[in-house]
Amino acid sequence: MPDRLRVEVDGRQLEISNLDKVLYPRAGFTKAEVLDYYTRIAPTLLPYLAGRPLTRTRYPNGVEGNSFFEKNAPGGTPDWVRTVRLPVPGSTKNREKIDFIVVEEVATVVWLANLAALELHTPQWRVDDEGRALDPDQLVVDLDPGPPAGLPECYEVALLMRERLAEDGLAGVAKTSGKKGMQLIVPLPGDEPADEVSAYAKALAEELAASHPRLIVAKMAKQLRPGKVFIDWSQNNAFKTTVAPYSLRAGETPTVSAPLSWPEVEAGELTATDLTPSYVLERIETLGDLLQAVD
């Protein structure tokens, strides 16, 4: 296989390289397979990236090598990739603003996959056509289990949260994080600021923790988490991001942060390792995009 190939994606010219490099050594999963997955999932993935400043986790030497978070558009970013300049409070490099990538084309997804950007993370808000940040259009309920708790306990908490959200006229879709936990994605009208959404999420977490103290914790102290599910309400902070639906995750084997149906949550049988790239693509063919149910 050639080291470099020129390809055309929706009229964009791209160069892809090192296709035989193994990025998931224990699974033998190559860069070519990463590119194949992201190319095929891109039409389903794009609505959940569009308009959202993207943070990537890159693994140039595979998941067992060094990785790094990347918010800014790297050198050599094609001129057809959309970027927006936004403030970054608390930047480790003392930059007041940086240029974020906003993914709006299949070609951009492929370009990022070629950079070994395995994990894609987005905030709960979008930017408008002028690149100005809008109020959040979704609430994320992040469920983080403390060992020995795991995904089964997260399923239980997700069902409790679904009932509580319904009392306020809200509905969401569950998805696995692709690792040990999961999230609920709850669409919002987009007319409340992030601090109010975050305060609401915190109140919900504290309420459920008070009524189910043996199962749920709402405080961040790690010593409180063993055997319980931490509802991380802080993910709704305007400057935090959550792994995007259909993003790959870095681990021993390639897994996907995949939406679930509520009957699947109730059954509690699926594990993170079940949701491989090939299986998620099969699910799209048979079940469609489960997130569309609440959009």
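Since the model is a prediction, treat every value here as computed from it, not as a measurement.

Calculation rules
Residues numbered from 1 in each chain as written. Predicted model: local features only at pLDDT ≥ 70, side-chain atom pairs only at ≥ 80, totals over all residues. Heavy atoms only, no water. Helix = DSSP H or I, 4+ residues; strand = E, 2+ residues; numbered from the N terminus. Buried < 20%, exposed > 50% of the residue type's maximum accessible area, 1.4 Å probe, protein only. 1 Å grid on protein atoms, 1.4 Å probe; cavity = no way out; pocket = protein on both sides within 12 Å on 5 of 7 lines; lining within 4 Å. Points joined across faces, edges and corners; volume = space filled by probe spheres on them. Nonpolar A, V, L, I, M, F, W, Y, C, P; charged D, E, K, R; others polar. Core = buried A, V, L, I, M, F, W, Y, C linked by side-chain atoms within 4.5 Å. Phe/Tyr/Trp six-rings, centres within 6.5 Å; stacked < 30°, edge-to-face > 60°. Expected span 1.5 Å × (residues − 1). Arc of directions from axis to C-beta. Contact = heavy atoms within 4.5 Å.

Enquirer: Got a sec to walk through the environment of L112? Specific residues and values, please.
Expert: Position of L112 relative to the elements: it lies in helix 2 (residues 106-114). A relative accessible area of 3% means that L112 is categorised as buried. Each C-alpha atom, one on L112 and one on L35, is 9.2 Å from the other, the two residues being 77 residues apart in sequence.

Enquirer: I'd love a proper account of empty space enclosed by the protein, names of residues and values included.
Expert: Throughout the structure, instances matching the rule amount to two cavities of 30 Å³ or more. Taken as a whole, the largest cavity encloses approximately 50 Å³ of empty space. Looking at the largest cavity, the residues that line it are Y246, A258, P259, V280, R283, I284, G288 and L290. Per element, the largest residue contribution to the lining of the largest cavity is three residues, and it comes from helix 6 (residues 277-287). A class-by-class count of the residues in the lining of the largest cavity yields six nonpolar, one polar and one charged. In this structure, the second largest cavity occupies an estimated 30 Å³ of space. Every residue along the wall of the second largest cavity is listed here: L139, V140, V141, M161, A201, L204, A205, I231 and N236. At the level of elements, strand 10 (138-145) and helix 4 (194-211) are the ones that each hand at least two residues to the lining of the second largest cavity. Class assignment for the residues of the lining of the second largest cavity results in eight nonpolar, one polar and no charged.

Enquirer: Tell me what's going on with the nonpolar core, and back it up with residues and numbers.
Expert: Counting 80 residues, the largest nonpolar core has Y38 and L143 as the members making the most contacts within it. With eight residues, helix 3 (residues 151-167) is the single largest residue contributor to this core.

Enquirer: Outline the packing of aromatic side chains, supporting the account with residue identities and numerical values.
Expert: Following the criterion strictly, the structure yields three aromatic pairs and no others. Centroid distance Y24 to F29: 5.7 Å. Interplanar angle 85°. Geometry classified as edge-to-face. A ring pair is formed by Y48 and Y246, whose centres lie 6.3 Å apart and whose planes are at 40°; its orientation type is tilted. Taken together, the residues Y48 in the loop between helix 1 (31-45) and strand 5 (53-58) and Y246 in the loop between strand 15 (242-243) and strand 16 (248-249) connect sequence positions 198 residues apart.

Enquirer: Could you give me a rundown of helix 4, with the residues and numbers involved?
Expert: Compared with an ideal rise of 1.5 Å per residue, which puts 18 residues at 26 Å, helix 4 spans 26 Å between its outermost C-alpha atoms and is within 8% of the ideal. Buried within helix 4 are the following residues: A194, V197, S198, A201, L204, A205, L208 and A209. Relative to the axis of helix 4, the buried residues are bounded by an arc of 130° and lie together on one face. Exposed side of helix 4, more than 90 degrees from the buried face: D195 and A210 are the residues found there. Tucked inside the fold, the buried residues of helix 4 contact strand 10, helix 3, strand 13 (216-217) and strand 14 (229-232).

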